[in-house]
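# Commentary on secondary and tertiary structure
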Amino acid sequence: MSTQMQQLYQQVILDHSRERIGNADLLGDMAAGPHGSSHQINPTCGDEIELETELGSDGSIVVRWTGDGCSISMASASVLSELAEENTLEGMLDVEAKFHELMHSRGTMAGDEEILGDAAAFSGVSKFPARIKCALLSWVAFKDALNQAQTSLKE
Amino acid sequence: MFARLRNDFPILDTRVGESPLSYLDSGATSQKPQCVIDTFTEYYSQRNAAVHRGAHSLAVMATDAFEAGREAVANLVGGTPEQVCWTKNATEALNVVALGIDRASHGFGGESAQRFNLGSGDSIVVTEMEHHANLVPWQQLAHSTGATLRWIPVTDSGELDLSDLDTIVDETTKVFAFTHVSNVLGTINPVDTLVARAREVGALVVLDACQSVPHMPVNFVDLDVDFAAFSAHKALGPTGLGTLWGKSELLNALPPVLTGGSMITTVTMEDSEFMDAPQRFEAGTQPVAEVAAFTTAVNYLAEVGLDKIFDHERDLTRVLLDGIAEIPGITVLGSAEDRIGTVAFDVDGVHAHDVGQYLDSQGVAVRVGHHCAQPLHRRFGVTATTRASTYLYNNTEDCERFLTALAEVRPFFGVQ
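Residues numbered from 1 in each chain as written. Chains lettered and ligands numbered in written order. Predicted model: local features only at pLDDT ≥ 70, side-chain atom pairs only at ≥ 80, totals over all residues.

This next bit is on the sheet that holds strand E3 (residues 61-68) of chain A. Residue and element names in this part refer to chain A. If you walk across this open sheet you meet the three strands as E1-E2-E3, and the pairing is antiparallel. Looking at strand neighbours, the two that pair on one side only are strand E1 (35-42) and E3, the edges of this open sheet. Averaged over all pairs of adjacent strands, the angle between strand axes in this sheet comes to 15 degrees, irrespective of strand direction. Of the strands in this sheet, strand E2 (47-55) and E3 are in contact with helix H3 (residues 71-86), which crosses E3 at around 170 degrees. Strands E1, E2 and E3 of the sheet are contacted by helix H6 (residues 129-154), whose axis makes an angle of about 155 degrees with E1. (Pairing = 2+ DSSP bridges. Helix = DSSP H or I, 4+ residues; strand = E, 2+ residues; numbered from the N terminus. Axes fitted to C-alpha atoms, helices over the stretch in contact; angles between N-to-C directions. Contact = placed C-beta atoms within 7 Å.)

Set out below in structure tokens:
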């Protein structure tokens, strides 16, 4: 097995792709707090995700999603949900920026495990240009859903 | 012969990491023989000039090269050189027909274009196995004219379900557009039966021949289709070039979509007259070097023989299908007997993108995704598949390397 493949499909990614955190039905307007949702599709492969964020009054944030896609896209959504559990809204904004930066590093960054947790394992993915969009699918949905949740908070 | 001609394709010597390359993605685009690559150098270093204008010697040579391409294609697929129009790609060729009909339906093209007139009460028929290129333009045409879009469904075996052919294609049907060979299933459709029904109701027949022309003997005159489209790059030729083939009488009546220089007879400040086909559809500077290279490709294919290519690929298809049947958890889409070497499949528990990535790590190049045929994938209850597709330069070793790697996919991803 080539080391490139091992870097891409790290065990933590394969585990998240099977045991998916946050993979649950969306609540929509049944959600208690300010919320937003986003549907993202990768037109080249048909990977799909519907992701919802809900903001707590204590600064916490919950992510729920349903989706269908490759192991990278599904693991990424799972890791994102796990990080949301561990972070406040403010912390997640930092995590999102750092993950984005990591995915565009072309394999030159290691990824800060302190901040990124299991998402640091995606550093190998950034070497595969065709797979970066798989890893980012849920994060694009997250950003979009979060914007909506924050907008509804202001209203 | 096939073992030897593999040496004509320099890219096949590429190594992917530590593995030799097994290129099984010719359904997406074919590799090019050295003679086609050389034609670009030869054309630009010896013959380059603007075609159909200028009286100098180079312009004559460039024009000859450009026009020789039509003759080569006409020899390959039937008809006369005037029936061969160059387009940017096959997608554009299909759009030229659909948009031409659209313009005719909105009053363009005068009396002779009225035969294309489409409106509410009329229908356009396609099939459920179309590539988006032969579906979306017809949807657009239906939206624009008020005509109804209908389709022939696909059976579990990946063939057209013709049980309701006579009610789907009826007296209201003005256009019947279908693919000769499915780019996903590899199924060869019964063009004769479909054309016969179209003739009964007076519908125009538009054939997507992208997956047939490169792989089997095809003659559009014998098939009696009205329009046909295919691309150069899937048939050993360059990208940036497609062919629209049509019956001259129809081509010369169809309103052109792209207008401007090189396609007119008389231009005043108020209006213009258009040339007959093929120039009618060739506004602006054309891809002359690409045509020269495609001519070389067509001649190469003719020399090998499309019948021999078809037989060679049929042998490879057998190896692929028999081998896949031995691997647990793999489901091939479709099981038609009449087929080419295009095999799409689902790997239980592993997404197509991951399958493709693993195969790539073993030097095997395949296509993953919906292959521009989302409705067909939906029909089979999947969003994406992995597709292996053969061509004349593939050999049994390519197939075996693919099968060995495919057998490792589910264990690698921990799927039992």
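Moving on, there is more to tell.
So, about the interface of chain A and chain B. With 13 residues of chain A at the interface, the matching set in chain B holds 13 residues. For the side of chain A that touches chain B, the leading source of residues is helix H1 (residues 3-8) of chain A, giving three residues. Of the residues in the side of chain A that touches chain B, the class split is six nonpolar, six polar and one charged. (Nonpolar A, V, L, I, M, F, W, Y, C, P; charged D, E, K, R; others polar.)

Moving on to the domain arrangement of chain B. Residue and element names in this part refer to chain B. Each assigned domain of chain B is listed with its residue range as follows: domain 1 (2-31 + 306-412) and domain 2 (41-302). Facing 26 residues of domain 1, the contacting portion of domain 2 comprises 27 residues. Those elements giving two or more residues to the side of domain 1 that touches domain 2 turn out to be helix H11 (306-325), strand E14 (342-347) and helix H13 (374-379). If you tally residues by element for the side of domain 1 that touches domain 2, the top one is H11, at five residues. (Domains from an automatic or database assignment.)

Residues and elements named next belong to chain B. Tracing the backbone shows asparagine 299 in helix H10 (residues 288-304). Given 17 C-beta atoms within 10 Å, asparagine 299 falls into the partly exposed group. Measuring from C-alpha to C-alpha, the distance between asparagine 299 and glycine 69 comes to 9.6 Å, with 230 residues separating the pair along the chain. (Buried ≥ 20, exposed ≤ 12 C-beta atoms within 10 Å, placed from the backbone.)

The sites that UniProt annotates as "domain: NIF system FeS cluster assembly NifU N-terminal" (unreviewed entry) are residues 9-134 of chain A. When the span residues 9-134 of chain A is considered, its composition is 39% helix and 20% strand, and the gap between its end C-alpha atoms is 13 Å. (UniProt positions renumbered as here; feature names shortened; annotations may be inferred.)

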